[in-house]
Amino acid sequence: MLTKGLTTVGLLLVSNVFMTLAWYAHLKLQTAKVISSWPLYTVVLFSWGIALFEYSFMVPANRIGFDGNGGPFSLVQLKIIQEVITLFVFTLFSLIAFNTHLAWNHVAAFICMVGAVFFVFMK
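In what follows, the accompanying structure is described. These numbers were taken from a predicted model, which means no experiment stands behind them.

## Describing the pattern of salt bridges
Next, step 1: Considering all chains together, one arrives at 1 salt bridge under this definition.
Next, step 2: For Glu-83, the salt bridge is made with Lys-79, and the minimal N-O distance between the two is 2.8 Å. Taken together, the residues Glu-83 and Lys-79, both in helix H3 (residues 75-97) and 4 residues apart, mark about one turn of the helix.
Next, step 3: Owing to a relative accessible area of 28%, Glu-83 belongs among the partly exposed residues under this scheme.

Right, dumping it as structure tokens:
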């Protein structure tokens, strides 16, 4: 059961890296003048191409981790885990790619999300 849980979390982590790139990398590329002349439909297709990899990891993660398939997590637990991973990956991406700075309220929001994980796993 531990292996399925770790596999699920690992796949969700990889999936969210691709998701973050699909959703936000084009903004960085536009700012860097790499794709600033691309029409919007081309940017959408570019992002969809990246999102295909996201789905290639997200779907197996949910199938492996879902307790209805013999995994360790309920549907709600899977979603909360995914949201916390998304926040973590996005925070790292925004710090590295966009040189953003975290304020106290960002940290407080992250703590609340971690609290959500705690509460969703309580019996």
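## Examining the packing of helix H1 (residues 2-31) against helix H2 (residues 40-65)
The angle between the axes and the distance between the axes are what describe a pair of packed helices.
Next, step 1: As a packed pair, H1 and H2 sit with axes 8 Å apart at the nearest point and diverge in direction by 170°. Viewed along their axes, H1 and H2 adopt a mutual orientation that is roughly antiparallel. For the pair H1 and H2, the sense of crossing is left-handed.

## Notes on unusual backbone geometry
Leaving glycine aside, a negative phi is the common case for residues, and trans is the common case for peptide bonds.
Next, step 1: Not every positive phi belongs to a glycine, and Lys-33 is a case in point at roughly 65°.
Next, step 2: Residue position: Lys-33 is located in the loop between H1 and H2.
Next, step 3: On the accessibility criterion, Lys-33 (65% relative accessible area) is exposed.
Next, step 4: Look at Asn-99: it is not a glycine, yet its phi comes out positive at around 55°.
Next, step 5: Note that Asn-99 resides in the loop between H3 and helix H4 (104-120).

## Quick notes on the nonpolar core
Next, step 1: Counting residues in each nonpolar core, the largest one holds 9 residues, listed as Leu-11, Leu-12, Met-58, Ala-61, Phe-73, Leu-78, Ile-81, Ile-85 and Val-89.
Next, step 2: Secondary structure elements with two or more residues in this core: H1, H2 and H3.
Next, step 3: Ranked by the residues each element gives to this core, the list is headed by H3, at 4 residues.

## Considering the layout of surface pockets
Next, step 1: When its volume is computed, the largest pocket comes out at roughly 260 Å³.
Next, step 2: Leu-87, Thr-91, Leu-102, His-106 and Phe-110 are, among the 14 residues lining the largest pocket, the residues nearest its centre.
Next, step 3: Of all the secondary structure elements, the ones that give two or more residues to the lining of the largest pocket are H3 and H4.
Next, step 4: Of the residues belonging to the lining of the largest pocket, the class tally is 9 nonpolar, 5 polar and no charged.
Next, step 5: Each pocket or cavity is described by its volume, and for the second largest pocket that value is around 190 Å³.
Next, step 6: Only H1 and H2 provide two or more residues apiece to the lining of the second largest pocket.
Next, step 7: Counting residues per element, the lining of the second largest pocket draws most heavily on H2, which supplies 7 residues.

## Quick look at a nonpolar patch on the surface
Next, step 1: Among the surface-exposed residues, Leu-13, Phe-88, Leu-92, Leu-95, Ile-96, Leu-102, Val-107 and Ile-111 lie close enough to one another that they form a single nonpolar patch of about 720 Å² accessible area.
Next, step 2: Of all the secondary-structure elements, those providing two or more residues to the nonpolar patch are H3 and H4.
Next, step 3: No other element matches H3, which puts 4 residues into the nonpolar patch.
Next, step 4: Relative to the helices and strands, Leu-92 is located in helix H3.

Quick notes on the rules
- Residues numbered from 1 in each chain as written.
- Predicted model: local features only at pLDDT ≥ 70, side-chain atom pairs only at ≥ 80, totals over all residues.
- Heavy atoms only, no water.
- Salt bridge = Lys/Arg side-chain N within 4 Å of Asp/Glu carboxyl O.
- Helix = DSSP H or I, 4+ residues; strand = E, 2+ residues; numbered from the N terminus.
- Buried < 20%, exposed > 50% of the residue type's maximum accessible area, 1.4 Å probe, protein only.
- Axes fitted to C-alpha atoms, helices over the stretch in contact; angles between N-to-C directions.
- Parallel < 35°, antiparallel > 145°, perpendicular 65-115°, else oblique.
- Left-handed = near helix turned anticlockwise from the far one by under 90°.
- Core = buried A, V, L, I, M, F, W, Y, C linked by side-chain atoms within 4.5 Å.
- 1 Å grid on protein atoms, 1.4 Å probe; cavity = no way out; pocket = protein on both sides within 12 Å on 5 of 7 lines; lining within 4 Å.
- Points joined across faces, edges and corners; volume = space filled by probe spheres on them.
- Nonpolar A, V, L, I, M, F, W, Y, C, P; charged D, E, K, R; others polar.
- Patch = residues over 30% accessible without salt bridge, like charges linked within 9 Å, V, L, I, M, F, W, Y side chains within 5 Å.
- Areas by Shrake-Rupley, 256 points an atom, 1.4 Å probe, with all protein chains shown as cover.

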